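Okay, here's what each chain looks like letter by letter:
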Amino acid sequence: MAIQGDSQAAEAIAAFGRVGTAMVTPFKGDDVDFDAVQAVAKHLVATGNDMLVVSGTTGESPTTSFEEKGDLLRAVKEAVPENVRVVAGIGTNDTRTSIANVEQAVEAGADGLLAVTPYYSKPSQAAIAEHMRAIADASDLPVMLYDIPGRSGVPIEKETLIELAECPTILAVKDAKGDLASTIEVMASTDLVYYSGEDALNLPLLASGAVGVVSVAAHVIARPLSEMVDLVAANDIAAARRLALDLAPAVDAIMNHMPGVVAAKACLELMGVIPSRAVRMPLLPATADQVDFLRRTLEGHGFLQ
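Only a predicted model underlies this, so the values are computations on that prediction, with no experimental measurement involved. (Residues numbered from 1 in each chain as written. Predicted model: local features only at pLDDT ≥ 70, side-chain atom pairs only at ≥ 80, totals over all residues. Heavy atoms only, no water.)

Peer 1: It is not clear to me how the packing of helix H11 (residues 237-255) against helix H13 (residues 288-300) should be interpreted in this structure. Could you clarify?
Peer 2: Geometrically, a packed helix pair is captured by the angle between its two axes and the distance between the axes. Where H11 contacts H13, the two axes come as close as 9 Å, and the packing angle between them is 170 degrees. On the basis of their axis angle, the class for H11 and H13 is roughly antiparallel. Each of Pro 249, Ala 250, Ala 253 and Ile 254 in H11 lies in contact with H13, whose residues at this interface are Phe 293, Leu 294, Thr 297 and Leu 298. (Axes fitted to C-alpha atoms, helices over the stretch in contact; angles between N-to-C directions. Helix = DSSP H or I, 4+ residues; strand = E, 2+ residues; numbered from the N terminus. Parallel < 35°, antiparallel > 145°, perpendicular 65-115°, else oblique. Contact = heavy atoms within 4.5 Å.)

Peer 1: Can you help me understand the pairing of strand S8 (residues 170-175) in this one?
Peer 2: On a regular strand, one side chain projects to one face of the sheet and the next to the other, so that they alternate. Burial analysis of S8 places six of its six residues in the buried class, the great majority of the element. Bridging between strand S7 (residues 143-147) and S8 involves five bridges; their strand directions are parallel. Note on S8: the bridge partner recorded for Leu 145 is Val 173. In this structure, S8 lies alongside strand S9 (residues 193-196), joined through four bridges in parallel fashion. Across the sheet, residue Asp 175 finds its bridge partner in S9, namely Ser 196. The parallel pair S8 and S9, bridged by helix H8 (residues 180-189), forms a crossover whose chirality is right-handed. (Buried < 20%, exposed > 50% of the residue type's maximum accessible area, 1.4 Å probe, protein only. Pairing = 2+ DSSP bridges. Right-handed = clockwise from strand over helix to strand, strands pointing away.)

Peer 1: Looking at this structure, how should I read empty space enclosed by the protein?
Peer 2: Rolled over the atoms, a probe with the dimensions of a water molecule shows which regions are left empty. Scanning all chains against the criterion turns up two cavities of 30 Å³ or more. Here the largest cavity is characterised by a volume of approximately 60 Å³. Looking at the largest cavity, the residues that line it are Val 54, Ser 55, Lys 69, Gly 70, Leu 73, Ala 88, Gly 89, Ile 90, Asn 101, Gln 104 and Ala 105. Secondary structure elements with two or more residues in the lining of the largest cavity: helix H3 (66-79), strand S5 (85-89) and helix H4 (95-108). Grouping the amino acids of the lining of the largest cavity by side-chain chemistry returns five nonpolar, five polar and one charged. Taken as a whole, the second largest cavity holds about 30 Å³ of empty space. Ala 22, Gly 56, Thr 57, Thr 58, Tyr 146 and Lys 174 together form the lining of the second largest cavity. Partitioned by chemical class, the residues of the lining of the second largest cavity number two nonpolar, three polar and one charged. (1 Å grid on protein atoms, 1.4 Å probe; cavity = no way out; pocket = protein on both sides within 12 Å on 5 of 7 lines; lining within 4 Å. Points joined across faces, edges and corners; volume = space filled by probe spheres on them. Nonpolar A, V, L, I, M, F, W, Y, C, P; charged D, E, K, R; others polar.)

Here it is as structure tokens:
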């Protein structure tokens, strides 16, 4: 089981960091607002993130172009210190496009890759394994698998994860499967290093052996999330539990009442980090009522000042 201090855990932490945000992509009208992109990146680093995931689902990757994805990586790399890991979301449901994204990410200076399960087409487990190996073989960058069957339609099954753990550059898993028993079995059977990819399960996954988080709510609550990661690493589970309970209203407000990207952009607008909460269709921006709900909830619990 990969725990703090194990060699692959240390390698993954060096490669990816421990506290990450799946970054939004700000827009000005229908164009990417690169000034706001850099403002978000700097805000996230200032509030405790040492990993930024660019062009993940929260970055609206299905609706950004290949060229925009490269420009986003370059803009974020330019905005943050060298010790902050910039991870490129390169996964699609087309292996050839995913590999082209890998090549672009290498050229743009990405520090690692996030590869989501191919979505919509529901490939077999053998096909998922071949797809992920093709991505891993396309560069020397460290790879984090993203297991999120609620979006992709298929999980990466335990046996497939155990098989993929043999790939030398596949170091980690962003786990949003919601199956703790399966996750623990994979951690017990491999050196794969786990990151929580579901904010509601951050503490259970950390307590089970995950070394960090890749969060959406961290747009707002990165500092206390970082503290929680540190508390679990120090085996102070009681203090981490108290902190998780304090954070629950913010996690609920951001994750359960509208798409996470819609809530995160509304929060960043409320915080003055970005000038607009615009999203690209088929998403719609938060309504006035939704913004008011976020403001009341987060201010009421001290998360917006």
